[in-house]
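Residues per chain are reported as follows:
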Amino acid sequence: MWIVVLVAIALVVLFWKFILVGLVLWAGVSVVRALLTMTSAGPTPDRRRASRPVQSRPVSRSVQVRPAPQPVRARPAPARDIPAADYLPRWTPGRRLDAGREHAQWQKEFDLAAYFSDTPTGRKSTKG
């Protein structure tokens, strides 16, 4: 126990200048704050809320009435006309089937090309 007391005394003796500067700074800040509060322009505002009386009964409200209906506005005409029917694609069942087949063939070729490529994810890059 006495070793702890000796270490504490040694620390106080060693750092007495820093302790003294800290105490002086603390006292100086306290004095400046006190001067600022005494010479301020007005008193500090009261931040407490005014207490309201407890409501014992619900307040009656007027019956809500539906708003008056607004007149229906006509939709504005589009800026351009829809293109002629000849330019629109015709998605018939046969065309859908052909598109599906084309996509499946493309996907198969892509997968094969990716599998046999020289990229790090391709098959030829593995060292064996």
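Residues numbered from 1 in each chain as written. Predicted model: local features only at pLDDT ≥ 70, side-chain atom pairs only at ≥ 80, totals over all residues. Heavy atoms only, no water.

Enquirer: How should I be thinking about the packing of aromatic side chains in this particular structure?
Expert: In this description, a pair of aromatic rings is defined by centroid distance and the angle of the planes. As enumerated under the stated definition, the model contains 3 aromatic pairs in all. Look at Trp106 and Phe110: their rings are 5.3 Å apart centre to centre, the planes differ by 20°, and that puts the pair in the stacked class. Taken together, the residues Trp106 and Phe110, both in helix α3 (residues 93-115) and 4 residues apart, mark about one turn of the helix. We classify Trp106 as partly exposed; its relative accessible area is 46%. Classification of Phe110 by relative accessible area gives partly exposed; the value is 46%. For the ring pair Tyr115 and Phe116, a centre distance of 5.0 Å and an interplane angle of 80° mean the geometry is edge-to-face. Given a relative accessible area of 44%, Tyr115 falls into the partly exposed group. (Phe/Tyr/Trp six-rings, centres within 6.5 Å; stacked < 30°, edge-to-face > 60°. Helix = DSSP H or I, 4+ residues; strand = E, 2+ residues; numbered from the N terminus. Buried < 20%, exposed > 50% of the residue type's maximum accessible area, 1.4 Å probe, protein only.)

Enquirer: Mind showing me how you'd approach the pattern of salt bridges here?
Expert: Any two side chains of opposite charge can pair, so long as their charged atoms come close to each other. In this structure the tally under the stated criterion is 1 salt bridge. With a shortest N-O distance of 3.9 Å, Asp98 and Arg101 are connected by a salt bridge. Taken together, the residues span about one helical turn, with Asp98 and Arg101 both in helix α3 at a distance of 3 residues. In this structure Asp98 comes out as partly exposed when scored by relative accessible area, which is 39%. Classification of Arg101 by relative accessible area gives exposed; the value is 54%. (Salt bridge = Lys/Arg side-chain N within 4 Å of Asp/Glu carboxyl O.)

Enquirer: Help me understand a nonpolar patch on the surface in this model?
Expert: On the surface, Trp2, Ile3, Leu6, Val7, Leu11, Val12, Leu14, Phe15, Phe18, Ile19, Leu23 and Trp26 cluster together into a nonpolar patch covering about 1300 Å² of accessible area. Those elements that place two or more of their residues in the nonpolar patch are α1 (2-14) and α2 (16-38). The element best represented in the nonpolar patch is α1, accounting for 7 residues. With respect to the helices and strands, Phe15 occurs in the loop between α1 and α2. The exposure class of Phe15 is partly exposed, given its relative accessible area of 38%. (Patch = residues over 30% accessible without salt bridge, like charges linked within 9 Å, V, L, I, M, F, W, Y side chains within 5 Å. Areas by Shrake-Rupley, 256 points an atom, 1.4 Å probe, with all protein chains shown as cover.)

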